[in-house]
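Spelled out, the chains give:
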Amino acid sequence: MKFTLTWLQDHLDTDWAVEALADKLTSVGLELEGIEDRAAALKPFVIAEVLDAKQHPNADRLRVCQVNTGTETLQVVCGAPNARTGIKAVFAPSGSYIPGSGITLKPTDIRGEASNGMLCSERELELSDEHNGIIELPSDAPVGTAYAEYAGLGDPVIDVAVTPNRPDCLGIIGIARDLAAVGAGRFISPKIEPIPGTFKSEIGVRIELPNDAADACPVFVGRTIRGVKNGPSPKWLQDRLKAIGLRPISALVDITNFLTHDRARPLHVYDAAKVSGDIIVRLGRDGETLEALDGKTYTINSNVCVIADQDRALGFGGVMGGTYSGCSVDTVDVFVESALFDPIRTANAGRTLGILSDARFRFERGVDPEGTISGIELATKLILELCGGGEVSDLVIAGAVPVSDKSVTFRPSRVATLGGLDLPAHQSVRILESLGFKAEQFGDEYAVTVPSWRPDVDGEADLVEEVLRIAGLDTVPSLQLDRPTPPQGVLTSRQKRTRLTKRLLATRGLREAVTWSFLPEKQAQLFGGGAEALKLANPISTELDTMRPSLLPNLIAALGRNADRGFHDLGLYEVGGSYSDDTPEGQILTAAGVRGGAQGERHWTGKPQAVDAFVVKADVMAVLAATGAPLDNLITTTDTPAWYHPGRSGVLKLGPKVLARFGEIHPSVLKTMGVDGPIAAFEVFLDAIPTAKVKSRSRGPLKASDYQAVDRDFAFVVEQAVAAEDILRSARGVDKVLITGARIFDVYEGTGVGDGKKSVALGITLQALDRTLTDQEIDAVATKVIDAVTKKTGAILRA
């Protein structure tokens, strides 16, 4: 919310400096965003007179000007079409910084002619977007005077953050009321005299809303004003609107924008000649369209409240008007609207249409209902003053202004017991009354009537908060309570596992990413979303409409964005939830990672190797080992989902339970996502990892054997469909004491093993802790290995 100091002073009689007022604003809950001193940035700019302007001898579109700055005459080369002899303009000397173009001036030579300084346009001074010519000042503008002083730009602009519960402070009058309550000045109470009508308005108003939508517009007030002249608004009004970032349009439009910010009262003005019949407040009709004042055409549905006439929709209630019935320089008769719209319906309509306007911003937070009639009276007064017009109709009212008679019981003692500040009762009551509340005493209690502009106040605690806010939260004493120190927080096993996993993956060279929990439905389909993808009822954008079934798509997209910016050899990880359904059990804690590009630096000994399934398998195994998974009992299968590359991916299971997946991402998936490969990825399902059991300490610490290890190799011929993991498990299970290692070191298919067969070479390591193994012991274990593998896999020992 922006406003200038002089604008604030329309409602607050104060001599406080702007810095002191800013401090008070923060103390009452209106946090200061900043103070802009426009005069400081424009300090070097002065009013100058062009004594002579001649055609540049070497350029058709340039003129060589002799400029009187008040202290000296300088030559300036200017390309503005309106640069001419006798004009008063704004001059920037050499060394000045031009805010609109971001350059610092210096003496230069332009096509053979010296140029010292610049004659400026409004855009170069960031006053508007106008840049078709230099600023033309009146003939009586004093040469040599600082332009900021002459133009009234020395008025500081204050910007505050208004919380959603304070719609009254979306009008400058509400901010002034708060400042007056804390002693920053005297609140200037507005007095608005009703303007009597001299005729009955030809345009009537009807509210035609169904019973279940009657709250969309409780009251609509209008009136016709004849004989207006809609030209530019006066300088004081344009200056105020420009100061807060609004573009002046015309007197009629500027008046409505002024009252929106001054009184938090949105209004609208129709060209009466373009309204056919009466104004009708109704719900939209499916398929109906409207070109709004932002220049866009919107399709209306039956949930949107519209303002219409008998032929068409004219505007969206509480959101934005339409171009068809808007006012122009040819407008003679106008119909002024001051209405009240329901906050929830207005917010929903704005979201549906995708329109965020100043009117919607205020209506969806709650506009003062009692300002409906006073707002149109004030608008009438300003239109008569600024646009002429002598004929004003009677007010046309449809519906009724909601009665604001909320009363709250207030016990002054609660300021101490609830807020911790011991104040006399009369002081608490005085604070409330200074904010517009009315208090009537009944013994030790007060019946406090809440003003219509404070919809956020509902109970006694809210009144206590108001008293504390104005009295000053910094005056509440700090208390040292004699209580035991609260126990330190204890991490759950799940939290410990998450933290451990993050640290481990970071040490493996992966960088943590935090991505959205939702993604486009098309990507969800690629990663297992299927027909049961968890769609959002109210997505933040049309592209982010589905909860992620996996962490991988967002990580892959992030990897692609980094690659587009030149970071090709990169690894990312994220630990978070993926979603299979909307139940708590459907949120799966997952540690996922992606690696792209190559592993290792460029070196003369060899080229870096592209990432592959084995790189990410190492990441997976490190996580599983750190989190206590029983690695010896894991089995590896190839039944990976469709987003992994078949033959270059795997699944790690503990029995039927899937602990992790890893491998290269399928090229077709990467192509659909528009990301270059190869990319290797992994997913570890942290909740699926069993909690490690605490082992008994009676066995003593493990130690390496001092006795010789023995290796034995076997070659088995098996069906091609037999997994190598099955052979390994069969061999390891023969003797878990003496067999200390088992590995597959060769696979052969071709001549000598038969069609549909393969030869798998298995190596095992035997070692005892307390002795050297004898030949008989070694042969016995070897025989058991052969028997076990043959029995469980149908293998034949290869000769």
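In what follows, the structure referred to is the one given above.
Every chain is numbered independently, its residues counted from 1 as its sequence is written. At least 70 in pLDDT is required for a residue's local features to be given in this predicted model, at least 80 for side-chain atom pairs to be given and counted, and no such filter applies to totals for whole chains, interfaces and linings, which use all residues. Hydrogens and water are ignored here; the side-chain numbers use all heavy atoms of the structure.

Turning our eyes to something else, we now look at the packing of aromatic side chains. Between the rings of Phe, Tyr and Trp (Trp by its six-membered ring), a pair exists once the centres lie within 6.5 Å; its type follows the angle of the planes, with under 30 degrees stacked, over 60 edge-to-face, and the other angles tilted. Scanning the entire structure with this criterion turns up 9 aromatic pairs. Note on tryptophan 236 and phenylalanine 258: the rings are 5.7 Å apart at their centroids and 90° apart in plane angle, and the pair reads as edge-to-face. Within this pair, whereas tryptophan 236 is found in helix α6 (residues 235–243), its partner phenylalanine 258 is found in helix α7 (residues 251–263), the two being separated by 22 residues in sequence. By relative accessible area, which is 40% here, tryptophan 236 ends up partly exposed. Ring centres 5.2 Å apart and planes at 85° place the aromatic pair phenylalanine 341 and phenylalanine 363 in the edge-to-face group. Of this pair, phenylalanine 341 sits in the loop between β24 (334–340) and α8 (343–353) while phenylalanine 363 is found in helix α9 (residues 358–363), placing the two residues 22 residues apart along the sequence. The classification of residues rests on relative accessible area computed with a 1.4 Å probe and restricted to protein chains. Under 20% of the type maximum is buried, over 50% is exposed, and intermediate values are partly exposed. A relative accessible area of 3% places phenylalanine 363 in the buried class. Strands here mean DSSP runs of E at least two residues long; helices mean DSSP runs of H or I at least four residues long; both are numbered from the N terminus.

Here we come to the side chain of threonine 346. Assignment of secondary structure puts threonine 346 in helix α8. Not counting residues within four places of it along the chain, the set of residues in contact with threonine 346 comprises Gly317, Gly318, Val319, Phe341, Arg360, Phe363 and Glu364. Note on contacts: a residue pair qualifies if any of its non-hydrogen atoms lie within 4.5 Å across the two residues.

Next up on the list: a negative patch on the surface. Taken together, the side chains of Glu19, Asp23, Glu36, Asp37 and Glu126 define an acidic patch exposed on the protein surface. One can find glutamate 126 in the loop between β12 (118–119) and α4 (147–150). Two distance rules govern patches: like charges are joined within 9 Å, and nonpolar side chains (Val, Leu, Ile, Met, Phe, Trp, Tyr) within 5 Å, applied only to residues with over 30% relative accessible area and no salt bridge. Accessible areas in this description were obtained via Shrake-Rupley with a 1.4 Å probe; residue shielding takes into account the shown protein chains only. Each reported salt bridge corresponds to a side-chain nitrogen of Lys or Arg within 4 Å of a carboxyl oxygen of Asp or Glu. Asp and Glu count as negative and Lys and Arg as positive, but His and the ends of the chain are not part of the count. Here the site of a charge means NZ on Lys, CZ on Arg, CG on Asp, or CD on Glu.

Attention now goes to the sheet that holds strand β42 (residues 739–748). Strand pairing in a sheet is mediated by backbone hydrogen bonds. Such pairs are either parallel or antiparallel. Being paired, for any two strands, means DSSP has found at least two bridges between them. One open sheet accounts for 4 strands, arranged β42-β43-β41-β44; its pairing is antiparallel. Looking at strand neighbours, the two that pair on one side only are β42 and β44 (796–797), the edges of this open sheet. Sheet topology note: the strand β41 (residues 710–719)/β44 ladder contains 2 bridges and is antiparallel. Along β44, the bridge assignment pairs valine 717 with isoleucine 796. Only the stretch in contact is used when a helix axis is fitted, and all axes are lines through C-alpha atoms; the angle between N-to-C directions ranges over 0 to 180 degrees. Across the face of the sheet, helix α19 (residues 724–732) comes into contact with β41, β42 and β43 (757–766) while running at roughly 150° to β42. Across the face of the sheet, helix α20 (residues 775–793) comes into contact with β41, β42, β43 and β44 while running at roughly 20° to β41.

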